[in-house]
Amino acid sequence: MQLTLGPVLYHWSPEQWRDFYYRIADEAPVETVVVGEVVCSKRAPFKQDLLPDVIERLEAAGKQVLPASLILVSLPRERRQSRELMQAEGSMVEINDLTCLASLSGRPFAVGPYVNVYNEGAAGFLAECGASRICLPPELPLPAIATIAASLPQLAIEVFAFGKVPLAISARCYHARAHKLTKDNCRFVCELDPDGMPVKTLDGAGFLSVNGVQTLSHGCASLLRDIPALRDAGVASLRLSPQACDMVAVARLFRDVADGRLAGEEGEQRLAELYPEVPLANGFLHAVPGHLRVGTGV
């Protein structure tokens, strides 16, 4: 079973973003790395000049690099940038918005977890369009994952296995609104929350996380204990979404559990120590509310 590092969803400083990927290239046991700004096109210029060096460093380390599109393509400049990305020569790209299909011209591509692939029909359509790998939406239960994987053995099926779960994307910027700013004059206040802005209920309980125009879960998905079941279901790769913690150590834990060097229960205990700020959860995989943690009595 392979490991994929998803794109950084948060607005980290350019230096922090670059150094993060340099360390991933040198130390993390992942086979594939997805790069690029997928949440807000206004953030992209901060990374644009650094991206070629990051890709070169990752590829030199033997990683497959997948440049990714925006999750929501709406503005004319975003459509132009998306078209240029889809038509650029070089590595396979990951699409996160179906508008990208028109610009691929039959090239093989990957599909991110933000495209609604909920059944084998949708997966089959994308395979006919040229998809060779699909990261399924994180809310899918295990039987649905197994059905899709069994119906399309030619596809590499990936699941979202670690990170705050992406729940929604909007044209409005909640981060700016929370700071009494507009989206056009946001002052990039999302950089104040490198792991997302916590949203609590009126009773003070953790509820959601806000990342600019994106809504994420409060808890952190962890499918470490479920790796044997995912392997039996035909899952080829596990996606780790970068959080403000030691992602190299996270990747090593997943690698050790996937390779049988570490039990899932012990791996999850260590994971909770690496990322103690939020609760771990795997509810979606077990067809219960996503914030629940099944199999631990919690």
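Residues numbered from 1 in each chain as written. Predicted model: local features only at pLDDT ≥ 70, side-chain atom pairs only at ≥ 80, totals over all residues. Heavy atoms only, no water.

(A) Region of interest: helix H3 (residues 51-60). Those residues of H3 not exposed but buried are Val54, Ile55 and Leu58. Here the buried residues of H3 occupy an arc of 95° about the axis, which is enough to place them on one side. Counted as exposed and oriented over 90 degrees from the buried face of H3: Glu56 and Ala60. Of the residues flanking the end of H3, it is glycine 62, one or two places downstream, whose phi is positive at about 90°. (Buried < 20%, exposed > 50% of the residue type's maximum accessible area, 1.4 Å probe, protein only. Helix = DSSP H or I, 4+ residues; strand = E, 2+ residues; numbered from the N terminus. Arc of directions from axis to C-beta.)

(B) Expanded view of helix H9 (residues 247-258). Counted at 1.5 Å a residue, the expected span for H9 with its 12 residues is 16 Å, and the 16 Å between its end C-alpha atoms agrees. Taken together, the buried positions of H9 are occupied by Met247, Val248, Ala249, Val250, Ala251, Leu253, Phe254, Arg255, Val257 and Ala258. Looking at the buried positions of H9, the neighbouring elements they touch are strand S1 (2-5), helix H1 (14-27), strand S7 (156-169), helix H8 (227-232), strand S11 (237-240) and helix H10 (264-274). Looking at where H9 begins, the residue whose side-chain oxygen comes 3.2 Å from the main-chain nitrogen of valine 248 is aspartate 246. Glycine 260 sits one or two residues past H9 and shows a positive phi near 80°. (Expected span 1.5 Å × (residues − 1). Contact = heavy atoms within 4.5 Å. Polar contact = N/O pair within 3.5 Å; in protein donor to acceptor, adjacent residues only side chain to side chain.)

(C) Quick look at the packing of H1 against H3. Here H1 crosses H3 at 10°, and the two axes come no closer than 9 Å. Considered as vectors, H1 and H3 are oriented roughly parallel to each other. Between H1 and H3, the residues in contact are Trp17, Arg18, Tyr21, Tyr22, Ile24, Ala25 and Asp26 and Leu51, Asp53, Val54, Arg57 and Leu58, respectively. Here the contact of H1 with H3 is built from residues that sort into eight nonpolar, no polar and four charged. (Axes fitted to C-alpha atoms, helices over the stretch in contact; angles between N-to-C directions. Parallel < 35°, antiparallel > 145°, perpendicular 65-115°, else oblique. Nonpolar A, V, L, I, M, F, W, Y, C, P; charged D, E, K, R; others polar.)

Purely geometric stuff here, so don't read any function into it on its own.
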